[in-house]
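Per-entry structural report
Read off the chains here:
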Amino acid sequence: MVEDSPHGFSSLLSGELADRVRRLELFSRFRVEGLLSGTGKSPFKGFTADFLQHRQYFPGDPLKHLDWRVYGKSERLFIREYEELTNTRLTVVLDVSGSMSHTGASWSKHEFAIRAAAIVTYLAMAQRDSFSLALFREGRAGHVPFGGGRQHLRRVFAALLDTPPRDGTDFSRGLAEATSTVRHRGLTMVFSDFMDDPEAVVRRLAQLRYRGHDVIAAQVHDPSEQELDFNSVTRFHDPEGPTVLVVDPQLIQRQYRLAFETHLAALKGACHRHGFEFIALPVGDAFEVPVFTYLQRRLERFTR
Amino acid sequence: MTLFSPAYLWALPAAALPIVIYLLFRRRRRDVTWGAMYILRQVFETRSRQMLWLQYLIVALRTLALAALVFLFVRPHAAWRPPAADAFPAAPPSTHRVVLLDTSPTMQARHGTGTRMDAALSLCRKLFEAGRHPGRIDLLPLGPSEARFSAERLPVGSNRIEQLLAGCAAEPGPAEPDRALRAAIEIFRASPFGRRELYILGGFGHREFADSAILAPRFRELRRQGVSVFALRYHQAGTRNLAALDLSAGGDVLLALQPARFRLTLGCYGDPDTAQTHVTVTGSGDRTLYEQTYSLANGEKTLDFVLALPAGESTLTVRLAPDDLAADNVIRRTFTVRPRLVIAVVQDLVTKTGFENPRTWLNLALANAGSEAGARDTSYREITSAAQAYAAANQAAAERAEEGAQPEQPFSIEIEGKIPEQVSAESLSRADLVIVVDMAAMPGEAFEALRRHVVRGGTVLLAPGPDADPEAFNRCFTTIAPLLLAAPAAATLDPERYEHSYAESGEDPFWRDLESAPGANLGSPRFYNHYTTRPGSLAPDARVLLSLTDNAPLLAERRVGRGHVLLWTAGLGADWHSMAVHAGFPVMLISLANQAMERREFRRNLDPGAPIIAPAPGGHARIVRPDGGTETVEAAPATDGAFIRYDRTDVPGDYDVRTDVAADVPGLAYHVRPDPAASDLRTLDAEGQAAFEQTGGLLLCDREPALVEQVGRHYTGRPWSPYLAAALALGLLAEMGLSRRFFA
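My aim in this report is to walk through the structure given alongside it, one point at a time.

Thresholds, definitions, all that
- Residues numbered from 1 in each chain as written.
- Chains lettered and ligands numbered in written order.
- Predicted model: local features only at pLDDT ≥ 70, side-chain atom pairs only at ≥ 80, totals over all residues.
- Heavy atoms only, no water.
- Helix = DSSP H or I, 4+ residues; strand = E, 2+ residues; numbered from the N terminus.
- Buried < 20%, exposed > 50% of the residue type's maximum accessible area, 1.4 Å probe, protein only.
- Contact = heavy atoms within 4.5 Å.
- Axes fitted to C-alpha atoms, helices over the stretch in contact; angles between N-to-C directions.
- Parallel < 35°, antiparallel > 145°, perpendicular 65-115°, else oblique.
- Expected span 1.5 Å × (residues − 1).
- Bend = angle between axes of the 7 residues up to and from the residue.
- Salt bridge = Lys/Arg side-chain N within 4 Å of Asp/Glu carboxyl O.
- Buried area = accessible area lost by both parts, 1.4 Å probe.
- Pairing = 2+ DSSP bridges.
- Phe/Tyr/Trp six-rings, centres within 6.5 Å; stacked < 30°, edge-to-face > 60°.
- Lys NZ or Arg CZ within 6 Å of the ring centre and 35° of its normal.
- Polar contact = N/O pair within 3.5 Å; in protein donor to acceptor, adjacent residues only side chain to side chain.
- Patch = residues over 30% accessible without salt bridge, like charges linked within 9 Å, V, L, I, M, F, W, Y side chains within 5 Å.
- Areas by Shrake-Rupley, 256 points an atom, 1.4 Å probe, with all protein chains shown as cover.

1. Remarks on the overall build of chain B
- Broken down by element type, chain B carries 19 helices and 37 strands.
- Considering chain B as a whole, with its 744 residues, one finds that 50% of them fall into the buried category.
- Pairs at least 24 residues apart make up 74% of the contacts formed inside chain B by residues separated by at least 6 positions.

This is the structure in structure tokens:
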């Protein structure tokens, strides 16, 4: 776990981790720009901050806000003032239990989840929102407090990358400890596979909702987990414990798929009943869902 | 159950393929780390066991479906069940049945309450009644007859059936399996019907049934024509079957009251293999001449007995009992019994007298035991078996005279002494045997007369003495002598150095008695010297009858014209051998003379196929055959009369040759003995049966129910194919349904 360091972030990272952070940052940037390029909005322009008025320049004002066009026309110095929106406080909660280590055809759920989380936090950074990271397993597994800016982003990325998935899951305790430091209301995105009783999980998430947080439950699952597409007897090892099941998948494939869909539906239904959004994130290349969901919910907050 | 195409059963193991695939897949295990264990655990605990049994069921359905598919190709049919206890399988449409029915005498044997023929006809009746249109039945005798009894519009009425059966049964004859099978093949070749069946019903006693080399090509052709062959043997356990095969003496001509050894050849067949066999020999007027009971095992046997027959023609009838197949347990033979023997002794005028003259020894050996001449030397008379025979015959004649029977005279021997100048065709014509004693050469006329005598059927014994010149002998007799002489074996006699004689052919009936102890025991006399013979001088049509232990010929024979010339190389006196004082000497001479006599007569007891030659002074004769047929044969003229020759002696039995064609009076009896190998009165033994079954590719049934079962197996009951197809379809539907429902 990487704690926030007053001496600067870079000095605490090893070379490999620093490379990975940089790669993740680049990845996130390209993804976000790519996703938003169609909308004509630039994350770096703060498109949600609209121009309000000009005022006279007083010494000490940041020169970057000087409107040089007006000076050219009037030879008078004016500062551009923007409509300042309230910053969203984004909390990314990530499940780093053993079940997230399941690997399908491409990435593991954990790898996909940290990329999705990275993109969202990058976007938050671009929106000048403050963001934090909470990791949980059977309890709290890591925490990066709220902050903003690129350095903070890197801290978050380092925490994401440096916390491998392992051990079991205790949604109650884990979520409670992970979100105990989230005092200010904001947007909380929980990335997990939610492999537990849907009602129990959602009740825990609902507590955040009741505390005024805007909760998005992002269920990460691998399509292969849903299919159980094996044609021979298989030993299924539980990544969160010693359990091994020897199963002929052919026998229960249909029932399993049905159960998986039922589980997803139950999760979705429970989330809706408790008033927060549920998005299903099959591991793949479709990162637009978490991105647009984040943006949409942020906008809703501003327009409320 | 019948399988029409059992060859497809090789594919049955493929039905286990689903099981094999299932097991193979279950063996392959992989390890996976599964993130959704929460859900997997739930489903596993609730459904896994149920689904496992369901999977077993699906695998079983697949296996059964494959098995059903294989059996569809195998085409099983239920076993045919006869509609009634004694019903014969009804022929399917377009069936052509050919029945070969044995009509030989063996079918007259007892079988149940009737005969074998009754049982066979009853089966044929069922075959006709079971016929169906379209179809055809042909009934053929298994014997030589080419008659055919056919029915086309089946089934036929009972009257017509009886007509056909009676017709076939009225064609008796010995079985001829090869000929009958060829006839059946020709019938099937022209048959338009698709289904063909051949039935062989009979005793299966003919040797051809056991000879696969003869019948194999026929059965191969029948198989090629697609004919199914069935065979039923009529043979009852405990059947006793005796066959009188031959009765012979040394020849067909005997001397009156001379004890002659007769040999009976008989066959014992059937069950049990050891039983009491009673032999009865009767003569003219059914007088029992010999009777004896023997304990005989199965097989061909020879029994010897001695009879002394009176002068004249004697027809002996041998009967064997007990016999269940009595058609061949009787045999008849006719023997001509002569009252006298005439021997001509040709000798030069010589000065030798007494026992120096070999003729003395001849006279002594051949003289009648009751003659004055024989009485002069009591000791010699007593040691000759001929004298003993005469004494016994005289005793028997005296006994019969006391009983009031007509007195019979034993044979007498007439010895006619001749010098060469007295030798002529006429003077030799009465002689049964001419002995040329101690002569190395003869005048030309005498020799010519002698030669003509031989050519006309006479027998001459050349017996050069110790003083003969071999070269002179050869010059004179080279055209008729069996061998050419060379120098004597020894220049001087050594009483310690001698040879013994032995017969070259022990099987010759003429010699088998002479070599035996009761007969003549020719092996015991000692031969101190003899003429050797030139190597390679044995004439082409000559043979050696007796040899000495130094391998030199003692007695040789040559056929000249219709007669024979014998050469004795040791002289007939007592100079070179002890034969002259041996009991076998007169026996041998009488036997030679007997044989000579017989050769001048036409044989009355013939082998199968041998011609009947009989005098026919009227220019023709009527032959009454054993099968009841009669034929008239024209005679061919010969120098000494007219004779008929009749070659059709294929049927064994008694042939009556009547020279007086007008009168219904029996004539000369000729007897043709049966061919033991051709007898069909004995059935196949175990080895023969196995050979026949293998050749025919069939099972020889011994009972009618077994035949019905064989035929029934050939037919089929209800096919199982529709059920199998339905089971296959249902199984596949069930499998597809279950798979889609639970595993799709």
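Text resumes after the structure shown.
2. Some points on the packing of helix α7 (residues 212–224) of chain B against helix α17 (residues 686–696) of chain B
Residue and element names in this part refer to chain B.
- Direction vectors running N to C along α7 and α17 enclose 30°, while the axes themselves pass 8 Å from each other. With respect to their mutual orientation, α7 and α17 come out roughly parallel. Listed contacts from α17 to Ser212, Leu215, Ala216, Phe219 and Arg223 of α7 are Phe692, Thr695 and Gly696.

3. Looking at helix α8 (residues 249–273) of chain A
All names here are of chain A.
- Between its first and last C-alpha, α8 extends 34 Å over 25 residues, near the 36 Å set by a 1.5 Å rise per residue.
- The largest bend in α8 is about 35°, located at glutamine 255.
- The first or second residue beyond α8 is glycine 275, which carries a positive phi of 85°.

4. Concerning the pattern of salt bridges
Residue and element names in this part refer to chain B.
- Enumeration over the complete set of coordinates arrives at 43 salt bridges over all chains.
- Salt-bridge contacts for arginine 125 lead to glutamate 162; the nearest nitrogen and oxygen are separated by 2.6 Å. Highlighted residues: arginine 125 in helix α3 (residues 116–129) and glutamate 162 in helix α4 (residues 158–169), separated in sequence by 37 residues.
- Note on arginine 125: relative accessible area 26%, which makes it partly exposed.
- Here lysine 126 ties to glutamate 704 by a salt bridge, and the two come within 2.6 Å at their closest N and O atoms. On the criterion of sequence distance, the pair formed by lysine 126 in helix α3 and glutamate 704 in helix α18 (residues 704–714) is long-range, its members being 578 residues apart. Each member of the pair, lysine 126 as well as glutamate 704, is classed as buried.
- Via salt bridges that share partners, Arg340, Glu414, Glu416, Lys418 and Arg430 belong to a single interconnected network.

5. What to know about the interface of chain B and chain A
- Counting from both sides, the interface comprises 28 residues of chain B and, opposite them, 36 residues of chain A.
- For the pair chain B and chain A, the two sides together bury roughly 3200 Å², of which 64% comes from carbon and sulfur.
- At the junction of chain B and chain A, the tally comes to two salt bridges.
- In this structure, Arg235(A) and Asp31(B) form a salt bridge, with 2.8 Å as the shortest nitrogen-oxygen distance.

6. Comments concerning the sheet that holds strand β34 (residues 641–646) of chain B
Residues and elements named next belong to chain B.
- If you walk across this open sheet you meet the three strands as β30-β34-β33, and the pairing is antiparallel. Where the open sheet ends on each side, the last strands, each with one partner, are β30 (612–615) and β33 (636–638). With direction set aside, neighbouring strand axes in the sheet form an average angle of 35°.
- Two elements, β33 and β34, share three bridges in a ladder whose sense is antiparallel. Bridge pairing links alanine 638 to glycine 641 in β34.

7. What about unusual backbone geometry?
- Looking along the chain, the bond that leaves Ala321(B) and enters Pro322(B) is cis, with omega of -5°.
- By secondary structure assignment, the location of Pro322(B) is in the loop between β17 (312–321) and β18 (330–338).
- Positive phi, normally seen in glycine, also occurs at Glu75(A), with a value near 55°.
- With respect to the element layout, Glu75(A) can be found in the loop between α2 (68–74) and β2 (78–82).
- Of note in this structure, Asp438(B) is not a glycine but carries a positive phi near 55°.

8. Some remarks on the packing of aromatic side chains
- A full pass over the atoms with the stated rule returns 26 aromatic pairs over all chains.
- Taking 5.2 Å as the distance between ring centres and 65° as the angle between the ring planes, the aromatic pair formed by Phe602(B) and Phe643(B) counts as edge-to-face. One end of the pair, Phe602(B), is in the loop between α16 (584–599) and β29 (605–606); the other, Phe643(B), is in strand β34, and 41 residues separate them in sequence.
- Using a relative accessible area of 18% as the deciding quantity, one classes Phe643(B) as buried.
- Note that Arg115(A) overlies the ring of Trp107(A), its terminal NZ or CZ placed 5.1 Å from the centroid.
- Sitting over the ring of Tyr498(B), Arg526(B) keeps its end group 4.5 Å from the ring centre.

9. Quick look at the side chain of Asp246(B)
All names here are of chain B.
- Here aspartate 246 is to be found in strand β11 (residues 240–248).
- Here aspartate 246 falls in the buried class, since its relative accessible area comes to 19%.
- At 3.3 Å, the side chain of aspartate 246 forms a polar contact with the side chain of arginine 333.
- For aspartate 246, the residues in contact, after removing those within four places along its chain, are Arg263, Leu264, Thr265, Ile331, Arg333 and Arg673.

10. Regarding a nonpolar patch on the surface
- Together, Leu17(B), Val20(B), Ile21(B), Leu24(B) and Phe25(B) give the surface a local cluster of nonpolar side chains, amounting to about 430 Å² of exposed area.
- A residue is classified by how much of its surface remains accessible, and Phe25(B), at 36% relative accessible area, is partly exposed.

11. Some details on the environment of Leu266(B)
- Looking at where Leu266(B) falls in the secondary structure, it is placed in strand β13 (residues 260–270).
- When the C-alpha positions of Leu266(B) and Ile331(B) are compared, they lie 9.8 Å apart, and in sequence the two are 65 residues distant.

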